[in-house]
Amino acid sequence: MRPSRAFRWIVRAFLLVFTLSLSTVSILGGWSAVTILNPGSNDINIPDGDYVVNLDIGNSSIEMIVPFNISNGGVYDLSDIFLSLQIDMTFGNTSTLNNDTTTVQIFDISHSYGDIAPEETLIANYTGSGSLPLSEVDRFRTPHALEFYASLTFRASYSLNLYTFTVGIIDFSIGNYSWPP
Amino acid sequence: MGRIGNIIKGIIYMGVYITTTMVIPFLTFTWVRELSILGVDIVLTQHDYENIIFWISAFGLLISATAFFNYSAPKQSIRKGTFALIQILLNCLYIWSYKFSGATEIRFEIVFQIANIGFISINIQNMVMLYMGVYFLTIVLKGYDLFDFVLNRKSIREKRYKTIPGGNDL
């Protein structure tokens, strides 16, 4: 065999090992990511149980506590875990001519939770507080003076950061408030 | 391997490339286009789907065609070296097409009782870039092959057409 061919075979063998390793990581990581994201596996529970919304109308403030847990049932670290929650408040705006329905963001807090090793579980509380712009609220609006909607974003990377997945839930109703007559 | 053998080898590899670059991605994206998990529909947008399928088909056809010419060419021939290099460059474009067609950041809409309530997005751009790195090394290897086949053309042909004592003239 010519030396040039021998050199070629060495490079080719290296490439084959490299490609096979990469493909193995891709397949294992992809499968694990699907397993973690599968709702039936209960690996991601946001919220885990009842969440707490402390609406303090007197002090125009809102506090939120969301317990959650995330289990890494895969084979690689679940890394760069990021959780973000926004709350929008919809109300009749008394500063407009017809008390127009207005939506403002009263809460927008993001937290990073680092990495979770395989077979480990992160149990934590997402907490945050915001303020309510109550001075322009039409208190007699029907059916509710205040309506609250939340948007949630969960993001994490997997398979040595080769995959990044994001799950977003947009504008789901979390409650409403009416002043007593 | 004779001429017929080379052509059969070319057809077999063309079939392999049609399967891996077109049929499997097509079936995968068609399967994930509309999933239903626990009664909630997870839908790939129509525009994304059409864009991805178009580029996969376009480059898949080119790769499969060059695979035929590559694998049906005689071993260590300049033709084989040239088509192998073209094929690997097309492979690079194929992988790159996953990025610019939007397949590296697939966004599924979550639809519950007609209303859109959110999304799931999967970003595999880092993985595609890593595969591009592997392909770059393969391009170097194929370029080296072509250079080697041209430089050593005489000895390769002598070896291929060597005379056998007592053999018959064709």
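Everything here concerns the structure above.
In short, a report on the structure. (Residues numbered from 1 in each chain as written. Chains lettered and ligands numbered in written order. Predicted model: local features only at pLDDT ≥ 70, side-chain atom pairs only at ≥ 80, totals over all residues.)

**Structural notes on the overall build of chain A**
Scanning chain A for helices and strands turns up one helix and eight strands. Here the C-alpha radius of gyration of chain A, 25 Å, is well above what a compact globule of 181 residues would show, namely 16 Å. Classification of the 181 residues of chain A by burial places 17% in the buried group. (Helix = DSSP H or I, 4+ residues; strand = E, 2+ residues; numbered from the N terminus. Rg over C-alpha atoms; globule rule 2.2 N^0.38 Å. Buried ≥ 20, exposed ≤ 12 C-beta atoms within 10 Å, placed from the backbone.)

**Some remarks on helix α1 (residues 3–37) of chain A**
All names here are of chain A. Taking 1.5 Å per residue as the helical rise, α1 with its 35 residues ought to reach 51 Å, and the 51 Å between its terminal C-alpha atoms agrees with that figure. Within α1, the full set of buried residues consists of Gly 29, Ser 32, Ala 33 and Ile 36. Looking at the buried positions of α1, the neighbouring elements they touch are β1 (44–45), β7 (146–158) and β8 (163–177). (Expected span 1.5 Å × (residues − 1). Contact = placed C-beta atoms within 7 Å.)

**Considering the environment of Ile 46 of chain A**
Residues and elements named next belong to chain A. Within the secondary structure, Ile 46 is located in the loop between β1 and β2 (52–56). On the neighbour-count criterion, Ile 46 (17 C-beta atoms within 10 Å) is partly exposed. On a C-alpha basis, the gap between Ile 46 and Phe 14 in space is 44 Å, while along the polypeptide they are 32 residues apart. With residues near it in sequence (within four places) discarded, Ile 46 still touches Val 66, Phe 68, Leu 152 and Phe 154.

**Some remarks on the interface of chain A and chain B**
How large an interface is tends to be reported as the accessible area lost when its parts come together. Every contact between the two is made by 22 residues of chain A and, on the other side, 22 residues of chain B. Of all the secondary structure elements, the ones that give two or more residues to the side of chain A that touches chain B are α1 and β8 of chain A. Residues of the side of chain A that touches chain B, tallied by class, amount to 12 nonpolar, seven polar and three charged. (Nonpolar A, V, L, I, M, F, W, Y, C, P; charged D, E, K, R; others polar.)

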